[in-house]
Amino acid sequence: MSLLRDIQDLASSSSKDIELSTLLRKCKILATRLNHPGFKSWVENELNGYNDVSSLPSYRVLKVISKGHFSTWGNSILTNIQIHTHVMKEKHEKYVKKAHIKQGIGSLENLLSKEGSIFQAPWDSKLLAIYASDFYNNMICIKAWQVISSSDIAGIIDTVKTKILDFALEIEAENPNAGDIEMNSNPIDQNKITQIFNTTINGNVQNVATGSSDVNQNSQINNTAKEELFSNLLDIISNQRVSLEEEQYQNILKVINEMRSTQGTSDFSSKYIKFIELINSHAGIFSAIAPYIPVLTKLSGVA
C-alpha cells in the first residue's frame, strides 16, 4: 500500500485503537518526501506541542467556562463553583474565556484515555488576586481554573485527523505516487503544495467547489451551492453504480444524505470521514469527487 493510501486509511478509520500520534509520524515521512516546510512544521507542532500561544491554530483555541473554590466569611469552603466572569474588565476576561491548548497530540490522547477526565488550566495568580472578592458577595475565590472537557479535546483530535485526510486526498489527486518517491525530490510543485496546505491545514480557503469537474469557485458557500454540491455527489455515485455492490451503493447514498442533513452541525465531520472511508477503495469514484473536497472541508468546519 502506498504511503498516501496508508495515511488515508488511518485518518478515515473509526477504530479507537489507532493513535493519532502514529498517523502524524507517517505524515512526518510524507512531509520530508514532499519537502514542504509548512507541512513539516505543522506536523512537528502537533506531535511535540506548540511553543507559544501566538502560533496556535484556531481549532486549539477553545471557548470555556471557569470554576473555582470559594471561602466564605464563616470559613466554610465551597468547591467547584462556576465563576461568572462578566464582572471582570474586558482586557482581563479575554484571558479566561478562551483556553489555549499547546500540548502535543500524544498528551491529549493520554488525557482522553482516562475515563471521565477533565482538563483544568489554572488561572494566572495575578488575575485571581485582582478579582478574588468580586464574583460573589461575602465569598473569596481561593482557586480558579478553566474547565476543558474530554469532548473539547476529542474535537481537536478529530479536527487534526480530518485535516490530514483532506491533505492526503488532495496530494494524491495531484500525484498518486507523491508519498513513495525519494526524499526531497519535489514530486509536486511547491506552490501547488502550499495552496493545498493553506486550504486543508491552515484553513485559508480561497477556492471551494460548486459545480462540475470544471469547477466554478467562490470563497462563499451559499445554500444553492450546498444543494448543488450534494446533488452532484449523488449523481456521481449513481453514474458509478455498476462498479458497486448494492449494499455499498446504498451505504454511500445514505452517508451523502446524512452529510446533507447534518451540514452546519457538529455531526457533519464524522459523516464526511465515513463518506471518504466508504469511497476510498474506489478509484473512479474518488477521482470524480476530488474537485469537491475543498467545499466538503469547508462544511466540516475544520478549515
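Quick caveat, the model's predicted, so the values are computed rather than measured. (Residues numbered from 1 in each chain as written. Predicted model: local features only at pLDDT ≥ 70, side-chain atom pairs only at ≥ 80, totals over all residues. Heavy atoms only, no water.)

**Q** Can you help me understand the pattern of salt bridges in this one?
**A** Any two side chains of opposite charge can pair, so long as their charged atoms come close to each other. Per the counting criterion, the structure on display carries 7 salt bridges. With its nearest N and O atoms 3.7 Å apart, the salt bridge here joins Lys192 to Glu174. With Lys192 in helix H8 (residues 190–202) and Glu174 in helix H7 (residues 150–174), this residue pair connects regions lying 18 residues apart in the sequence. Glu174 sits in the partly exposed class, given a relative accessible area of 41%. For Glu258, the salt bridge is made with Lys271, and the minimal N-O distance between the two is 3.8 Å. Here Glu258, found in helix H10 (residues 246–262), pairs with Lys271, found in helix H11 (residues 268–279); they are 13 residues apart in sequence, far enough to count as distant. The class for Lys271 is partly exposed, based on a relative accessible area of 24%. (Salt bridge = Lys/Arg side-chain N within 4 Å of Asp/Glu carboxyl O. Helix = DSSP H or I, 4+ residues; strand = E, 2+ residues; numbered from the N terminus. Buried < 20%, exposed > 50% of the residue type's maximum accessible area, 1.4 Å probe, protein only.)

**Q** What is the right way to look at the nonpolar core in this model?
**A** Nonpolar side chains in soluble globular proteins tend to be buried together. If you look at the biggest cluster of nonpolar residues, it comprises 70 residues, and the most contacted ones within it are Trp42, Ile164, Phe167, Leu233 and Phe275. Per element, the largest residue contribution to this core is 10 residues, and it comes from H7. Not counting chain neighbours up to four residues away, the residues in contact with Trp42 comprise Leu24, Tyr50, Tyr59, Val160, Lys163, Ile164, Phe197 and Ile201. If you look at the next biggest cluster of nonpolar residues, it comprises 12 residues, including Phe70, Ile83, Leu128 and Ala144. (Core = buried A, V, L, I, M, F, W, Y, C linked by side-chain atoms within 4.5 Å. Contact = heavy atoms within 4.5 Å.)

**Q** Looking at this structure, I do not really get the sheet that holds strand E6 (residues 139–148). What am I missing?
**A** What holds strands together in a sheet is hydrogen bonding between their backbones, with the strands either parallel or antiparallel. Here we have 4 strands laid out as an open sheet, ordered E3-E2-E6-E5, and antiparallel in their pairing. Each end of this open sheet is capped by a strand with a single partner; those strands are strand E3 (77–83) and strand E5 (119–122). Adjacent strand axes in the sheet meet at a mean angle of 35 degrees, parallel and antiparallel pairs treated alike. Sheet topology note: the strand E2 (residues 65–72)/E6 ladder contains 8 bridges and is antiparallel. Note on E6: the bridge partner recorded for His69 is Lys143. (Pairing = 2+ DSSP bridges. Axes fitted to C-alpha atoms, helices over the stretch in contact; angles between N-to-C directions.)

**Q** Help me understand the pairing of E3 in this model?
**A** Consecutive side chains along a regular strand alternate between the two faces of the sheet. Pairing analysis gives 5 bridges linking E2 to E3, with the strands arranged antiparallel. Each residue of the ladder has a partner; that of Ser66, found in E3, is Ile83. What sits between E2 and E3 in their antiparallel hairpin is a turn of 4 residues, with Asn75 showing a positive phi close to 70 degrees.

**Q** Is there a simple way to explain the packing of aromatic side chains in this structure?
**A** One pair of aromatic rings is described through two measures. These are the centre distance and the angle between the planes. By the definition in use, this model includes 5 aromatic pairs. Measuring from centroid to centroid gives 6.2 Å for Phe39 and Trp42, while their planes differ by 15 degrees, and the two rings are stacked. One end of the pair, Phe39, and the other, Trp42, are both in helix H3 (residues 37–48), 3 residues apart, so they sit about a helical turn from each other. Owing to a relative accessible area of 6%, Trp42 belongs among the buried residues under this scheme. Geometrically, the ring pair formed by Phe70 and Tyr136 is edge-to-face, given 5.3 Å between the ring centres and 80 degrees between the ring planes. Of the two residues, Phe70 is situated in strand E2 and Tyr136 in the loop between helix H6 (125–131) and E6; the sequence distance between them amounts to 66 residues. With relative accessibility at 0%, the residue Phe70 sits in the buried group. Taken together, Phe39, Trp42 and Phe167 form an aromatic cluster joined through their ring pairs. (Phe/Tyr/Trp six-rings, centres within 6.5 Å; stacked < 30°, edge-to-face > 60°.)

Everything listed here is a matter of coordinates, which is why it stays silent on function.
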